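# Structural description and commentary
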Amino acid sequence: MSNINRKKDALNYHAMGRPGKIAVVPTKPHSTQRDLTLAYSPGVAEPCLAIAENSEDAYKYTAKGNLVAVISNGTAVLGLGDIGAQAGKPVMEGKGLLFKIFADIDVFDIELDTKNVDEFVNIVKALEPTFGGVNLEDIKAPECFEIERRLKAEMNIPVMHDDQHGTAIISGAAVINACELLGKNIADVKIVVNGAGAAAISCTAMYVAVGARKENIVMLDSKGVIRKDRDNLDATKTEWATDRDIHTLADAVKDSDVFIGLSKADVLTPDMLNTMAENPIVLAMANPNPEIDYELALATRKDIIMGTGRSDYPNQVNNVLGFPYIFRGALDVRATAINEAMKIAAVRAIAELAKQNVPEEVNIAYNQSNIRFGRDYVIPKPTDPRLITEVSIAVAKAAVESGVARKNIEDWDAYREELHKRLGKDDRLIRNLAAKAKTNPKRVVFAEADNTKTLRAAQIVKEEGIAKPILLGNKEKIQGIIQEYGFELDGVEIIDPQAETKTERFEKYVDHLYAKRQRRGINKLDSRKLMTNRNYFAASMVEFGEADTLISGLTRNYASTIRPALQVIGAKPGSRVAGMYIMMTKKGPLFFGDTTVNENPNAQELADITVLLDSAVKRFNIKPRIAMLSYSNFGSNEGTISDKVRGAVKILHGEHPEIVVDGEIQANFALNSEMLAANFPFSTLNGEAANTLVFPNLESGNIAYKLLQEVGNAEAVGPILLGMNKPVHVLQLDSSVREIVNMVTIAVVDAIEHEKAANANA
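Overview of the structure.

Thresholds applied
- Within every chain, residues take consecutive numbers counted from 1 along the sequence as written.
- Only residues with pLDDT of 70 or above have their local features reported here, since the model is predicted, and side-chain atom pairs are shown and tallied only from 80 upward, although totals for entire chains, interfaces and linings are computed over all residues.
- The basis for every side-chain value is the complete set of heavy atoms in the structure, and neither hydrogens nor water enter the calculation.
- Note on aromatic pairs: the rings of Phe, Tyr and Trp (six-membered ring only in Trp) are paired at centre separations within 6.5 Å, and the planes decide the class, stacked below 30 degrees, edge-to-face beyond 60, tilted for the rest.
- Put simply, DSSP H or I for four residues or longer makes a helix, DSSP E for two residues or longer makes a strand, and each gets a number counted from the N terminus.
- Only protein chains enter the area calculation, which uses a 1.4 Å probe; residues under 20% of their type maximum are buried, those over 50% are exposed, and those in between are partly exposed.
- Criterion for a charge above a ring: Arg CZ or Lys NZ at most 6 Å from the ring centre, at most 35 degrees from the ring normal.
- Note on geometry: axes are lines fitted to C-alpha atoms, helical ones only across the stretch in contact, with angles between N-to-C directions running from 0 to 180 degrees.
- Comment on the angle field: the value is read as roughly parallel under 35 degrees, roughly antiparallel over 145, roughly perpendicular from 65 to 115, and oblique elsewhere.
- Crossing handedness: left-handed means the near helix sits turned counterclockwise from the far one by under a right angle, and right-handed means the same turn made clockwise.
- For this analysis, residues touch if any pair of their heavy atoms sits within 4.5 Å.
- Amino acids outside the nonpolar list (Ala, Val, Leu, Ile, Met, Phe, Trp, Tyr, Cys, Pro) and the charged list (Asp, Glu, Lys, Arg) are all regarded as polar, and Gly is one of them.
- A pair of strands is considered paired only if DSSP assigns at least 2 bridges between the two.
- Sulfur atoms of two cysteines make up a disulfide when they are within 2.5 Å.
- Within this document, salt bridges are pairs made up of a side-chain nitrogen of Lys or Arg and a carboxyl oxygen of Asp or Glu, the two lying within 4 Å of each other.
- Polar contact is the term for a pair of N or O atoms within 3.5 Å; when the atoms are in protein, one must be able to donate a hydrogen and the other to accept it, and sequence-neighboring residues count only if both atoms are side-chain atoms.
- Multiplying 1.5 Å by the residue count of a helix minus one yields the expected span of that helix.

Quick look at the packing of aromatic side chains now. This structure, assessed with the given rule, holds 15 aromatic pairs. Between tryptophan 412 and tyrosine 415 the ring centres are 5.9 Å apart and the planes differ by 70°, which places this aromatic pair in the edge-to-face class. Of this pair, tryptophan 412 and tyrosine 415 are both found in helix 18 (residues 412-422), three residues apart, which corresponds to roughly one turn of the helix. Residue classification places tyrosine 415 among the buried positions, given a relative accessible area of 4%. Through a chain of ring-to-ring contacts, three or more aromatic side chains come together here, namely Phe634, Phe669, Phe680 and Phe682. A cation sits over an aromatic face here: lysine 397 above tryptophan 412, 5.3 Å from the ring centre.

As structure tokens, this is what we get:
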């Protein structure tokens, strides 16, 4: 991706809609005058008086217990350096976003325009009544050490500088596991730390805390090996100075077991790597480019365990494995600090998690059948849903055992269940699908490539490694748009069906369409004319294996987009075609069907659609709980619609007892498990709310998804075509770039599943 496009996309992302990445939302009813009198005056006086009498009640009556301050003065922002507090605000908002999506922690970001340590400390201390914890961020060394030390000593809530301790915790887990895997005793390994900033100092201290010996560690800064005879060493570097007769990185890495890179790209050469001990461990964490290229390192040493800070290689050292869950555990026991015991507990929990069997959804996300503890997996994947339970519980227990918890958790199983319920699966679902798509990107035909949204989406999926785009349309026009907007689409194939009319391929496509439709009113001349239409041509490419899937519908109505696919490709033998939307809600994804294809299905057709939906939802590694919707509940009203829905349920219970489905049922009962259990205890849906809704006709399904999209602020992903013989997906009219990218991601995953099924049946 060019710097120009990266800059444009990043700025557009932060500016689109409501500027910024986080917002404050009400958590209590506020629609009536009574609500407002309770929220503010005079009702608010009661919790104020209660807190004045007992300060711990702040955790009961206010957001303090789930609120973290992300605080910075902008003196060490990413790799940008000292750019100032205000310029660092997007990073702090981004940290807030990660806290929320990974651990359901609310955040206020606070940027302090001061470089004075005393002033910084005094301001943060004065904020203590507001927050349950403080995450310090992007503060330069050595001031960050003094700021954190003083705040931890003078405040009565957990404080952590993640730049120091986050990397230390994650890399510490990686070092422990790599040593165990290789049969090396951590007390005996020789460690080289290239870098002497806040993260490097903290990492080195962590390695010693988990068993490494100080005398086996060598640290380097930009001037070379930190030696005891060097002048003007500050206190933090003096602690790690050596008196050994070594001066350069080449000297240091010779015969070493572990290389820790927290410096800059390409400083570790293949020659240096070759001098390391047998089975070397290299964590090259400079971003975006590590101290030695991943592929180069593996080509140089076959016996290496290699990790980086990058998501596109194994063993990613990513702070998001730690900080959300460390603060989650600390907040939940109202810890007064994040102490060494809690940090080491996080290290151990992360290390242990990598040795457990990996959940199927993680295998699916990375398109692997059996991810397991080994050279390419010494730390968990960031998408692992168990992190919130394993790390948070370990940290909370350590807080209790070390005496810094003000609240004891009596029932740890109940706490585990509470953590499970904190997060919906919406964001994780898309992240996992994208990860799976990247493992086996497929050829996607974009039938409307003369559109800026389409081309931007094509650029994104190409850059992200999600898909291999093929562009259909007038070449000159498409190339003009690419040039005008600076899209990076070099090497992408562009095909103009209008210019293909004399090719052998075109004739093959025409013959196929004519053979399929000659008894349905289409003659040979019609077939030739239709094949110049991009949707017919794209469907033919998929049919003949010259592409794996197609995307269309951005600028055409639904019928004109789906008709070519049905005529050229058609449904699976013995199947019908149906449409499904995934609605991304705050409570997790809901699957809607049929929202786009079947206008007024009868009972048998509704049952068939339900079977398609059940199979589709399972492919997302989610257990379908299907509600067949109507205006009545289990026979409470008679009528044509309720009768046919009841009939469909009877068919499903008889022919597909393995499917969890019930109805006819009203939508509110389907989505509210407590109401359902209280009123209809006999329902097979009791236990949890439904996650898949089948509508009695096209009209109700279409209205429902569009209402939820607009009024409920749900993101719609779809329509996803089910039952097609080969993967075809149709966009909503005028979809956003994000929606196109999401649909391409699903289309690629669908193509991967089709390929698996075909190989299994071969």
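Read on, since the account is not over.
Moving on: the packing of helix 26 (residues 603-619) against helix 27 (residues 640-655). Each pair of packed helices gets described by two things: the angle between the helix axes and the distance between those axes. Two numbers describe how helix 26 lies on helix 27: the axes approach to 8 Å, and their chain directions differ by 55°. One finds that helix 26 runs oblique with respect to helix 27. Once helix 26 is placed against helix 27, the crossing between them reads as right-handed. Note on element contacts: helix 27 touches helix 26 through Lys644, Val645, Gly647, Ala648, Ile651 and Leu652, opposite Ala603, Gln604, Leu606, Ala607, Thr610 and Val611. When the residues that make up the contact of helix 26 with helix 27 are grouped by side-chain class, the tally is eight nonpolar, three polar and one charged.

For the rest of this paragraph, the subject is the sheet that holds strand 6 (residues 217-221). Across the sheet, which stays open at both edges, the six strands sit in the order 7-6-5-8-9-10 with mixed pairing between neighbours. Of all the strands in the sheet, the pair left with one neighbour each is strand 7 (224-225) and strand 10 (305-308). Bridging between strand 8 (residues 258-261) and strand 9 (residues 281-284) involves four bridges; their strand directions are parallel. Bridged to valine 258 within strand 9 is isoleucine 281. Against the sheet, helix 8 (residues 162-182) touches strand 8, strand 9 and strand 10, its axis set at about 160° to strand 9.

Bringing the state of the cysteines into the picture now. This model, assessed by the stated rule, comprises zero disulfides. There is no disulfide at cysteine 179, and the cysteine sulfur nearest it, in cysteine 203, is 14 Å away.

If you trace the four strands from one edge of the open sheet to the other, you get 2-1-3-4, paired in parallel fashion. Each of the sheet's edge strands pairs with one partner strand only, and the pair in question is strand 2 (106-111) and strand 4 (159-161). Sheet twist, expressed as the average angle between the axes of neighbouring strands with direction ignored, equals 20°. Bridge count between strand 3 (residues 133-136) and strand 4: three bridges; the pairing is parallel. For leucine 136, the partnering residue across the bridge sits in strand 4 and is histidine 161. Across the face of the sheet, helix 14 (residues 323-332) comes into contact with strand 1 (67-72), strand 3 and strand 4 while running at roughly 160° to strand 3.

Packing of helix 15 (residues 340-353) against helix 17 (residues 387-401) leaves a shortest axis separation of 8 Å and a crossing angle of 150°. On the basis of their axis angle, the class for helix 15 and helix 17 is roughly antiparallel. Read as a crossing pair, helix 15 and helix 17 show a hand that is right-handed. Between helix 15 and helix 17, the residues in contact are Ala341, Met342, Ala345, Ala346, Ala349, Ile350 and Leu353 and Leu387, Glu390, Val391, Ala394, Val395, Ala398 and Ala399, respectively. Its residues placed into classes, the contact of helix 15 with helix 17 shows 13 nonpolar, no polar and one charged.

The tally for this structure, following the rule as stated, stands at 49 salt bridges. Aspartate 221 is the salt-bridge partner of lysine 237, the closest N and O atoms lying 3.0 Å from each other. Taken as a pair, lysine 237 in helix 10 (residues 235-238) and aspartate 221 in strand 6 lie far apart in primary sequence, 16 residues in all. With respect to class, lysine 237 is no different from aspartate 221; both count as buried.

Attention now moves to the side chain of lysine 442. Topologically, lysine 442 is positioned in strand 11 (residues 442-446). Take lysine 442: its relative accessible area is 6%, and that puts it in the buried class. In this structure the side chain of lysine 442 is engaged in a polar contact, spanning 2.8 Å, whose partner is the side chain of glutamate 755. Non-local contacts of lysine 442, meaning those with residues more than four positions away in its chain, are made with Ile466, Ala467, Lys468, Asp548, Val748, Ala751, Ile752 and Glu755.

In this structure, methionine 724 sits in the loop between strand 20 (715-722) and strand 21 (728-730). Classification of methionine 724 by relative accessible area gives buried; the value is 3%. Remark: the alpha-carbon pair of methionine 724 and alanine 399, spanning 325 residues in sequence, is separated by 54 Å. The contacts of methionine 724, once residues within four sequence positions are left out, are Ala565, Leu566, Ile569, Gly570, Ala571, Lys572, Val577 and His754.

Below, the discussion takes up the side chain of serine 256. Note on placement: serine 256 falls in the loop between helix 11 (249-253) and strand 8. Here the side chain of serine 256 touches valine 253 through a polar contact of 2.7 Å, landing on its backbone oxygen. Setting aside its immediate chain neighbours within four residues, serine 256 contacts Lys190, Val192, Met276 and Ala277.

Once that is clear, we can look at helix 8. Residue pairs spaced three or four apart in an α-helix point in one direction, given the helix's 3.6 residues per turn. Helix length check: helix 8 (21 residues) gives 29 Å between terminal C-alpha atoms against 30 Å at 1.5 Å per residue, within 8%. Counting buried positions along helix 8 gives 18 out of 21 residues, so the element sits mostly inside the fold. One or two steps after helix 8, the chain reaches glycine 183, where phi turns positive at roughly 75°.

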